[in-house]
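# Commentary on secondary and tertiary structure
The residues making up each chain are set out below.
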Amino acid sequence: MVLDQKYASLFKTIFKELSVPIEFETIDLTKYSLKDEGAFNMAITSLQRNGVGLKGVINRSADFRHHNVEFRGNLDIYANVVRCMSYEGIKTHHTGIDLIAIRENTEGEYSCLEHESVSGVVESLKVITREKSIRIAKFAFDYALAHNRKKVTCIHKANIMKLSDGLFKQCCKEVSELYPTIEYEEQIVDNTCQQLVINPQQFDVMVMPNLYGNLVSNLAAGLVGGAGVVPSKSYGSDIAVFEPGARHTWMEMKGMYVANPVAIVLSSA
């Protein structure tokens with residue numbers, strides 16, 4: 001578990017009461033422990049050794065390092081799967097939502113390649129590769145087959161980013177031809193956001209580059225009750241990590257006892 005001590009104690013109690021035969025190795029990653037590079041490296045080593053982990057959202061450190069991004073990159077945890085579904089007892093505008101947002105987890109705008117070329121001008125590089133686009137597209141279609149899903153929607157912005165998102169869209173299209181029993185469609189990301197608000201029931205499995213996955217999964221979480229009820233799981237070739245679907249630490253609410261732990265509890269189920 002990569003959690004603070006309070007959450008770690010909670011999960012140990014839950015699993016013990018349910019007689020779940022799991023032994024936990026707990027790594028406490030807080031803004032204090034992250035000052036020591038060893039704690040972060042211990043978490044990486046633990047996941048490499050155990051192959052599975054339960055993880056909270058790591059707060060960005062004072063030196064502005066993005067530990068969540070490093071975490072996924074170092075372990076090549078490339079596929080994030082967020083299921084947003086309507087729950088009985090949670091009153092929302094829409095009902096009958098059950099969609100899967102699959103997000104490429106290791107490149108795109110989250111490559112963290114930025115520099116100031118001249119004073120006052122910052123350039124940020126978006127990296128999209130054929131290898132990783134094919135990989136996440138195949139993951140999405142395999143997921144759809146394994147979970148009896150009927151449709152995969154590729155989310156992109158290829159009308160503007162013709163090379164980068166154009167490559168991603170092309171790869172999804174190529175992979176779709178290998179799965180004739182799965183319906184395939186493409187949708188521009190800004191239209192997707194509107195369609196989610198108007199008619200979210202039209203979506204089944206959605207596959208998209210990194211940044212769009214962040215936007216779409218958080219928007220979809222809001223449709224079904226908020227960040228506190230949406231779990232997720234992320235996969236590498238031989239590693240699985242379970243964590244909340246909306247990646248926010250919500251530190252401004254610390255100590256107010258209003259946070260909903262259901263998302264991470266569902267992630268562990």
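Refer to the structure above for everything that follows.
Everything quoted here is computed from the prediction, not taken from an experiment.

Let us now look at the nonpolar core. With 23 residues, the main nonpolar core has Ile102, Ile136, Phe139, Val152, Val205 and Val207 as its most contacted residues. The element best represented in this core is helix H4 (residues 130-146), accounting for seven residues. For Phe139, the residues in contact, after removing those within four places along its chain, are Tyr78, Ala79, Val81, Ile102 and Tyr235. Counting residues in hydrophobic clusters, the runner-up holds 19 residues, among them Val82, Ile155, Met206 and Tyr212.

On inspection of all chains with the given rule, the structure shows 13 salt bridges. Linking Glu174 and Arg130 is a salt bridge whose minimum nitrogen-to-oxygen distance equals 2.7 Å. Of this pair, Glu174 sits in helix H5 (residues 164-176) while Arg130 sits in helix H4, and the two are 44 residues apart along the sequence. Residue classification places Glu174 among the partly exposed residues on the basis of a relative accessible area of 29%. When its relative accessible area of 40% is taken as the criterion, Arg130 is described as partly exposed.

The next thing to look at is the side chain of His94. Tracing the chain through its elements places His94 in the loop between strand S2 (79-85) and strand S3 (98-104). Taking relative accessible area as the criterion, His94 reaches 9% and is therefore assigned buried. A distance of 2.6 Å separates a polar atom in the side chain of His94 from the backbone oxygen of Val197. Not counting residues within four places of it along the chain, the set of residues in contact with His94 comprises Ser86, Leu196, Val197, Ile198, Pro200, Gln201 and Leu223.

Structurally, Asn68 is set in helix H3 (residues 67-75). Accessibility expressed as a relative area gives 15% for Asn68, which makes it buried. Separated by 12 residues in sequence, Asn68 and Gly56 have C-alpha atoms that sit 9.7 Å apart.

Enumeration over the complete set of coordinates arrives at five aromatic pairs. Measuring from ring centre to ring centre gives 5.8 Å for Phe139 and Tyr235, while their planes differ by 40°; the resulting arrangement is tilted. Placement of the pair is Phe139 in helix H4 and Tyr235 in strand S9 (residues 231-235), with a sequence separation of 96 residues. Taken together, a centroid distance of 5.1 Å and an interplanar angle of 25° make the contact between Phe141 and Tyr179 stacked. Pair noted here: Phe141 is in helix H4 and Tyr179 is in the loop between H5 and strand S7 (183-188), with a separation of 38 residues, a long-range link. The exposure class of Phe141 is buried, given its relative accessible area of 0%. Through successive ring pairs, a cluster of aromatic residues spans Tyr78, Phe139 and Tyr235. Just above the ring of Tyr110 sits the side chain of Arg103; from NZ or CZ to the centre is 4.9 Å. Sitting over the ring of Tyr78, Arg135 keeps its end group 3.9 Å from the ring centre.

Before going further, it helps to examine the side chain of Lys157. Residue position: Lys157 is located in the loop between strand S6 (151-156) and H5. The residues touching Lys157, leaving out its near neighbours within four places in the chain, are Asp165, Ile188, Val189, Asp190 and Tyr212.

With that out of the way, let us pick up the pairing of strand S8 (residues 205-208). What you see with S8 is no split at all: Val205 and Val207 on one side and Met206 and Met208 on the other are buried throughout. Pairing geometry for S3 and S8, over four bridges, is parallel. Residue pairing in the sheet places Arg103 in a bridge with Met208 of S8. Where S6 and S8 come together, three bridges link them in parallel fashion. In the strand pairing of S8, Thr153 is matched with Met206.

A word on the packing of helix H6 (residues 189-198) against helix H7 (residues 210-224). Between two packed helices, both the angle of their axes relative to each other and the distance between the axes serve to describe the pair. At their nearest, the axes of H6 and H7 sit 10 Å apart, and the two run at 10° to each other. Looking at the two axes, H6 sits roughly parallel to H7. Here Val189, Thr192, Cys193, Leu196 and Val197 of H6 lie close against H7, whose contacting residues are Tyr212, Val216, Leu219 and Leu223. Here the contact of H6 with H7 is built from residues that sort into eight nonpolar, one polar and no charged.

Here the focus is H3. Inspection of H3 places His67, Asn68, Val69, Phe71, Arg72 and Leu75 among the buried residues, and these make up the whole buried set. Asp76 lies just past H3 and shows a positive phi near 50°.

Criteria and thresholds
- In every chain, residue numbers begin from 1 and rise along the written sequence.
- For a predicted model such as this one, the threshold for reporting local features is a pLDDT of at least 70, and the threshold for listing and counting side-chain atom pairs is 80 or more; totals across whole chains, interfaces and linings nevertheless cover every residue.
- Computation of side-chain values covers all heavy atoms of the structure but excludes hydrogens and water.
- We define a nonpolar core as any set of buried Ala, Val, Leu, Ile, Met, Phe, Trp, Tyr and Cys residues linked to one another through side-chain atoms lying within 4.5 Å.
- Burial classes: relative accessible area under 20% of the type maximum marks a residue as buried, over 50% as exposed, and values in between as partly exposed (1.4 Å probe, protein chains only).
- Under the DSSP-based scheme used, a helix requires at least four consecutive residues in state H or I and a strand at least two consecutive residues in state E, with every element numbered from the N terminus.
- Here a residue-residue contact requires only that any non-hydrogen atoms of the pair lie within 4.5 Å.
- When a carboxyl oxygen of Asp or Glu is within 4 Å of a side-chain nitrogen of Lys or Arg, the pair counts as a salt bridge.
- Polar contact is defined as a pair of N or O atoms within 3.5 Å, subject to the rule that within protein one atom must be able to donate a hydrogen and the other to accept it, and that residues adjacent in sequence are counted only when both atoms are side-chain atoms.
- Only centres within 6.5 Å qualify two rings of Phe, Tyr or Trp (six-membered ring in Trp) as a pair; their planes then separate them into stacked at under 30 degrees, edge-to-face at over 60, and tilted for everything else.
- Definition used: whenever NZ (Lys) or CZ (Arg) falls within 6 Å of the ring centre and also within 35 degrees of the ring normal, the charge is taken to sit over that ring.
- Strand pairing is defined by DSSP finding a minimum of two bridges between the two strands.
- Between N-to-C directions, angles cover 0 to 180 degrees, with each direction set by a line fitted to C-alpha atoms, over the stretch in contact for helices.
- Should an angle fall under 35 degrees it is taken as roughly parallel, and over 145 as roughly antiparallel, whereas 65 to 115 is taken as roughly perpendicular and any remaining angle as oblique.
- Classification used: nonpolar for Ala, Val, Leu, Ile, Met, Phe, Trp, Tyr, Cys and Pro, charged for Asp, Glu, Lys and Arg, polar for all others including Gly.

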